[in-house]
Amino acid sequence: MRIETLAVHAGRHIDPATAAVSSPIYLTTTFERSPEGEYPLGFSYSRENNPNRRALEECLARIEGGKDALAFSSGLAVSTAVLHGLEPGDHILVADDVYWGLRRVIGDIFGKAGFEISYVDMTDLDGVRAALRPSTRLVWVETPSNPLMKVTDLAALAQVARDAGPNVMTVCDGTFATPVLQRPLDCGIDMVAHSTTKYIGGHSDVVGGALVTRHDNYLFERARRAQRYGGAVPSPFDCWLTLRGVETLPYRVRAHSENAMRIARCLREHPSVEAVHYPGLAEHPGHAIAARQMSSFGGMLSFQVRGGKDAAMAVAARCRLFIRATSLGGTHSLIEHRASVEGPQSRTPQNLLRVSVGLEHADDLLEDLQQALQV
Ligand SMILES: Cc1ncc(COP(=O)(O)O)c(C=O)c1O
């Protein structure tokens, strides 16, 4: 079945009690045992599982082409659960421009866990090969990356990790691309992490995360334990909202991509713009790989404004339609000065604005950016 069909049907069942087409929200913490003391329907307590969560997990596994999925209460709860599965002394290879929050999880939450960590440029596969160690257990990549939109060749990276031995698991953060545009598991990556807060939920109204696996493996099973007993689980309503968002995901993501392409092309010609980072542009260093690996280039882009930080902040301040807010993947277009969000340790250029292109009409968005860029 195609992804548009799976997005609507996978994980859904007509409600056996009422024949409702849209699933009820199972606001129950607990489930009755049979007289024999069993749970014949598979649900016992909602931290461990719940029908709405199960439906979401089934759907996400199907649309990603995976074997199983786990839903969490946020995207960072996914990273936390995966890292929980590692042992002291294990080595992790992380993309150097990975979402800054993951660096914080590694440094602040797992600072005393005894992991060895290397941040590497994953677009340089020789560098990745050189950084692998006998103790490497996890390779965490994000493509396109945040906020410079660097593109990593997932099939080549998966091969490099496989060559290093069966204990090296690869995880791709697929938040920007979604399973509609990019298929990391088909490229040989072991697991995909999503902040479902973004495109998958799609309406800026629910925080969540998911881990999807291609095959049974120890890190996924440990993440399942961290989900059930660590307890960072999404509520039934959060799962219901996220699954509702998935229904329109394929159509939304294509519209986001079309709008972003138009905006990237216009920004590239603007005299106040120093650089545009969008993998759909032919001059983007990752364009050839993105063209092969993605079915379209997504709704995220960033650009650097001539004149430094103050000029960039002034452009964001003049926007009337683009909302100055963090996050991405919703219907509203958002703009943000990324270095301010990331704080003093940010490695992001000070004149960079990151844009999540929404579903408004592209002409209206372009008019807004043109007036904001004019001095
Ligand atoms: C690429 C990426 N991964 C993970 C996360 C973390 O997700 P959440 O905010 O749902 O915890 C974010 C959040 O912005 C993100 O942009």
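Structure: see above.
Computed from a predicted model, the values in this text were never measured in an experiment.

**Looking at empty space enclosed by the protein**
This structure, assessed with the given rule, holds three cavities of 30 Å³ or more. Here the largest cavity defines a volume of roughly 60 Å³. Considering the residues around the largest cavity, the lining is formed by Ile263, Cys266, Leu267, His270, Leu366, Leu369, Gln370 and Leu373. Secondary-structure elements contributing two or more residues to the lining of the largest cavity are helix H10 (249-269) and helix H14 (362-373). Considering each element in turn, the lining of the largest cavity owes the most residues, four residues, to H14.

**Some remarks on the packing of aromatic side chains**
Taken as a whole, this structure holds five aromatic pairs when the rule is applied. Their ring planes at 65° and their centres at 6.1 Å tell us that tyrosine 99 and tryptophan 100 sit as a pair that is edge-to-face. Just above the ring of tyrosine 251 sits the side chain of arginine 254; from NZ or CZ to the centre is 5.7 Å.

**Focus on the pairing of strand S3 (residues 116-120)**
With five bridges connecting them, strand S2 (residues 91-95) and S3 associate as parallel partners. The residue of S3 that forms the bridge with alanine 95 is valine 120. What joins S2 to S3 is helix H4 (residues 100-109), and the crossover it makes is right-handed.

**Things to note about the site of the ligand**
Around the ligand sit 13 residues, and of these Gly75, Asp173, Ser195, Thr197 and Lys198 come closest. Between the ligand and the protein, one listed contact pairs a nitrogen atom with a side-chain N or O atom of aspartate 173 at 2.6 Å. Threonine 197 places a side-chain nitrogen or oxygen 2.6 Å from an oxygen atom of the ligand. For the ligand, the accessible surface in isolation is 390 Å², of which the surrounding protein chains cover 88%. In the shell around the ligand, the residues fall into three nonpolar, seven polar and three charged.

**Details of a nonpolar patch on the surface**
Together, Ile25, Leu27 and Phe237 line one region of the surface with nonpolar side chains, adding up to about 310 Å² of accessible area. For leucine 27, the position within the fold is in the loop between helix H1 (3-9) and helix H2 (51-64). Classification of leucine 27 by relative accessible area gives exposed; the value is 72%.

**Notes on the pairing of strand S5 (residues 169-173)**
Summarising burial for S5: five of the five residues are buried, a large majority. Bridge analysis of strand S4 (residues 136-142) against S5 gives five bridges, and the strand direction is parallel. Counted as the bridge partner of valine 141 is cysteine 172 from S5. Here S5 runs beside strand S6 (residues 191-195); their pairing, made up of three bridges, is parallel.

**Considering the sheet that holds strand S8 (residues 273-277)**
Taken in spatial order, the five strands line up as S8-S9-S12-S11-S10 in an open sheet, and their pairing is mixed. The sheet is open, and its two edges are formed by S8 and strand S10 (323-324), each paired on a single side. As judged from the two bridges shared by S10 and strand S11 (residues 334-337), these two strands associate in the parallel manner. Bridge assignment links arginine 324 to a residue of S11, and that residue is isoleucine 335.

**Details of the nonpolar core**
One finds Ile263, Leu267, Tyr278, Leu301, Phe303 and Ile335 to be the most contacted residues of the largest nonpolar core, which totals 60 residues. It is H10 that provides the largest number of residues to this core, a total of seven residues. Excluding residues that lie within four positions of it along the chain, tyrosine 278 makes contacts with Ser257, Ala260, Met261, Ala264, His284, Phe297, Gly298, Met300 and Leu301. In this structure, Ala77, Leu132, Ala161 and Val171 belong to the second largest nonpolar core, which totals 45 residues.

**Structural notes on the sheet that holds strand S1 (residues 68-72)**
In space, the seven strands of this open sheet follow the order S1-S7-S6-S5-S4-S2-S3, with mixed pairing throughout. Of all the strands in the sheet, the pair left with one neighbour each is S1 and S3. Across the sheet, the mean angle separating the axes of adjacent strands is 20° when strand polarity is ignored. As paired elements, S6 and strand S7 (residues 209-213) share five bridges and run antiparallel to each other. What sits directly across from valine 192, in S7, is valine 212. Where helix H3 (residues 75-84) meets the sheet, it contacts S1, S2, S4, S6 and S7, and its direction lies at approximately 45° from that of S7. Against the sheet, helix H8 (residues 218-230) contacts S1, S4, S5, S6 and S7, and its axis sits at roughly 35° relative to S1.

**Focus: the pattern of salt bridges**
In the structure shown here, the tally under the stated rule is 24 salt bridges. Among the salt bridges present, the one from arginine 129 reaches aspartate 126, with a minimum N-O distance of 2.7 Å. Of the two residues, arginine 129 and aspartate 126 both sit in helix H5 (residues 125-131), three residues apart, roughly one turn of that helix. Measuring nitrogen to oxygen at the nearest pair gives 3.0 Å for the salt bridge that ties glutamate 336 to arginine 354. Here glutamate 336 is found in strand S11, whereas its partner arginine 354 is found in strand S12 (residues 352-356), with 18 residues between them in sequence.

**Thoughts on the state of the cysteines**
Applying the stated rule across the entire model yields zero disulfides. There is no disulfide at cysteine 187, and the cysteine sulfur nearest it, in cysteine 172, is 8.4 Å away. You can call cysteine 187 partly exposed: its relative accessible area is 22%. With no disulfide of its own, cysteine 239 lies 12 Å from the sulfur of cysteine 59, the closest cysteine sulfur.

How each quantity is defined
- Residues numbered from 1 in each chain as written.
- Predicted model: local features only at pLDDT ≥ 70, side-chain atom pairs only at ≥ 80, totals over all residues.
- Heavy atoms only, no water.
- 1 Å grid on protein atoms, 1.4 Å probe; cavity = no way out; pocket = protein on both sides within 12 Å on 5 of 7 lines; lining within 4 Å.
- Points joined across faces, edges and corners; volume = space filled by probe spheres on them.
- Helix = DSSP H or I, 4+ residues; strand = E, 2+ residues; numbered from the N terminus.
- Phe/Tyr/Trp six-rings, centres within 6.5 Å; stacked < 30°, edge-to-face > 60°.
- Lys NZ or Arg CZ within 6 Å of the ring centre and 35° of its normal.
- Pairing = 2+ DSSP bridges.
- Right-handed = clockwise from strand over helix to strand, strands pointing away.
- Near = heavy atom within 4 Å.
- Polar contact = N/O pair within 3.5 Å; in protein donor to acceptor, adjacent residues only side chain to side chain.
- Areas by Shrake-Rupley, 256 points an atom, 1.4 Å probe, with all protein chains shown as cover.
- Nonpolar A, V, L, I, M, F, W, Y, C, P; charged D, E, K, R; others polar.
- Patch = residues over 30% accessible without salt bridge, like charges linked within 9 Å, V, L, I, M, F, W, Y side chains within 5 Å.
- Salt bridge = Lys/Arg side-chain N within 4 Å of Asp/Glu carboxyl O.
- Buried < 20%, exposed > 50% of the residue type's maximum accessible area, 1.4 Å probe, protein only.
- Core = buried A, V, L, I, M, F, W, Y, C linked by side-chain atoms within 4.5 Å.
- Contact = heavy atoms within 4.5 Å.
- Axes fitted to C-alpha atoms, helices over the stretch in contact; angles between N-to-C directions.
- Disulfide = S-S within 2.5 Å.

These figures come from the coordinates and say nothing about function on their own.
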